[in-house]
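Residue-level structure breakdown
Spelled out from the first residue to the last, the chains are:
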Amino acid sequence: EAGVVQSPRYKIIEKKQPVAFWCNPISGHNTLYWYLQNLGQGPELLIRYENEEAVDDSQLPKDRFSAERLKGVDSTLKIQPAELGDSAVYLCASSQRWQGNSADTQYFGPGTRLTVL
Amino acid sequence: ELKVEQNPLFLSMQEGKNYTIYCNYSTTSDRLYWYRQDPGKSLESLFVLLSNGAVKQEGRLMASLDTKARLSTLHITAAVHDLSATYFCAVAHTSGTYKYIFGTGTRLKVLA
């Protein structure tokens, strides 16, 4: 079974430039998450999708960040314009929908390492 | 506000020794997860703990959950070098606003 796919794996841009990350979740997983991970820290949730609906985007800096999940499968996360402080690893994860006592274990992609110069 | 703390943050241990990583969280939780992350790699799910008293074991790692104390432990038995990685706990809280909060991580280094 293919895992969560992300691209690109690495991205270097200058500040004020736009950047976009792409994620393809595990087939059949309804829930998709975008996280930001700074060096030496745990991931921080940016946005969570149930199918195509963003059900939790309270941590997404909406002035410069946007995300979409068309048709409830692939998703893109965009930053425009990027700032120096956005340098981090952006992780995508997917899971099946929580149902009763089933565990909605998240499966993570390899991440995109963004460097803003 | 849901907060998740791990300790220690760094752990250097000799092969063959036992040790425990602790994960404390501040409010009630539906379930607790443990993940492993190798340098430059993504997170790998290790355990999911769903109820008070739950215990899961895989190889040299054993995780337990005490919901009354809001504490989970990850115990390492007879450590080997391959266990060197960063270990994260994550707490899920789905009553009201959904929360999924990761701990600070414990960087484990097992010395040969």
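Residues numbered from 1 in each chain as written. Chains lettered and ligands numbered in written order. Predicted model: local features only at pLDDT ≥ 70, side-chain atom pairs only at ≥ 80, totals over all residues. Heavy atoms only, no water.

All names here are of chain A. Assignment of secondary structure puts D57 in the loop between β6 (53-56) and β7 (65-68). Residues D57 and Q37 lie 20 residues apart in sequence; the distance between their C-alpha atoms is 16 Å. Apart from the residues lying within four places of it in its own chain, the contact partners of D57 are L46, I47 and K62. (Helix = DSSP H or I, 4+ residues; strand = E, 2+ residues; numbered from the N terminus. Contact = heavy atoms within 4.5 Å.)

The next thing to look at is the layout of surface pockets. Considering only enclosed or pocket space, the largest pocket measures out at about 640 Å³ in volume. Taken together, 33 residues make up the lining of the largest pocket; nearest its centre are Q37, L39 and G40 of chain A together with Q37 and G40 of chain B. The element contributing the most residues to the lining of the largest pocket is strand β11 (residues 112-116) of chain A, with four residues. In terms of residue class, the lining of the largest pocket is built from 13 nonpolar, 15 polar and five charged. Considering only enclosed or pocket space, the second largest pocket measures out at about 540 Å³ in volume. Lining of the second largest pocket is provided by 21 residues; of these, P43, E44 and L45 of chain A together with I101 and F102 of chain B occupy positions nearest its centre. For the lining of the second largest pocket, the secondary structure elements donating two or more residues are β5 (44-50) of chain A together with β10 (99-102) of chain B. At four residues, the largest contribution of residues to the lining of the second largest pocket is made by β10 of chain B. Each residue belonging to the lining of the second largest pocket can be placed in one class, and the counts come to ten nonpolar, six polar and five charged. (1 Å grid on protein atoms, 1.4 Å probe; cavity = no way out; pocket = protein on both sides within 12 Å on 5 of 7 lines; lining within 4 Å. Points joined across faces, edges and corners; volume = space filled by probe spheres on them. Nonpolar A, V, L, I, M, F, W, Y, C, P; charged D, E, K, R; others polar.)

Bringing the interface of chain A and chain B into the picture now. Opposite the 22 residues of chain A that make contact, chain B presents 18 residues. Buried area between chain A and chain B, both sides added, is near 1500 Å², and the carbon and sulfur share of it is 54%. One can count zero salt bridges joining chain A with chain B. On the surface where chain A and chain B come into contact, there are two residue pairs in polar contact (both at pLDDT 80 or more). Mapped onto the side of chain A that touches chain B, the elements with two or more residues apiece are β4 (31-37) and β5 of chain A. Broken down by element, the residue count for the side of chain A that touches chain B peaks at three residues, all from β4 of chain A. (Buried area = accessible area lost by both parts, 1.4 Å probe. Salt bridge = Lys/Arg side-chain N within 4 Å of Asp/Glu carboxyl O. Polar contact = N/O pair within 3.5 Å; in protein donor to acceptor, adjacent residues only side chain to side chain.)

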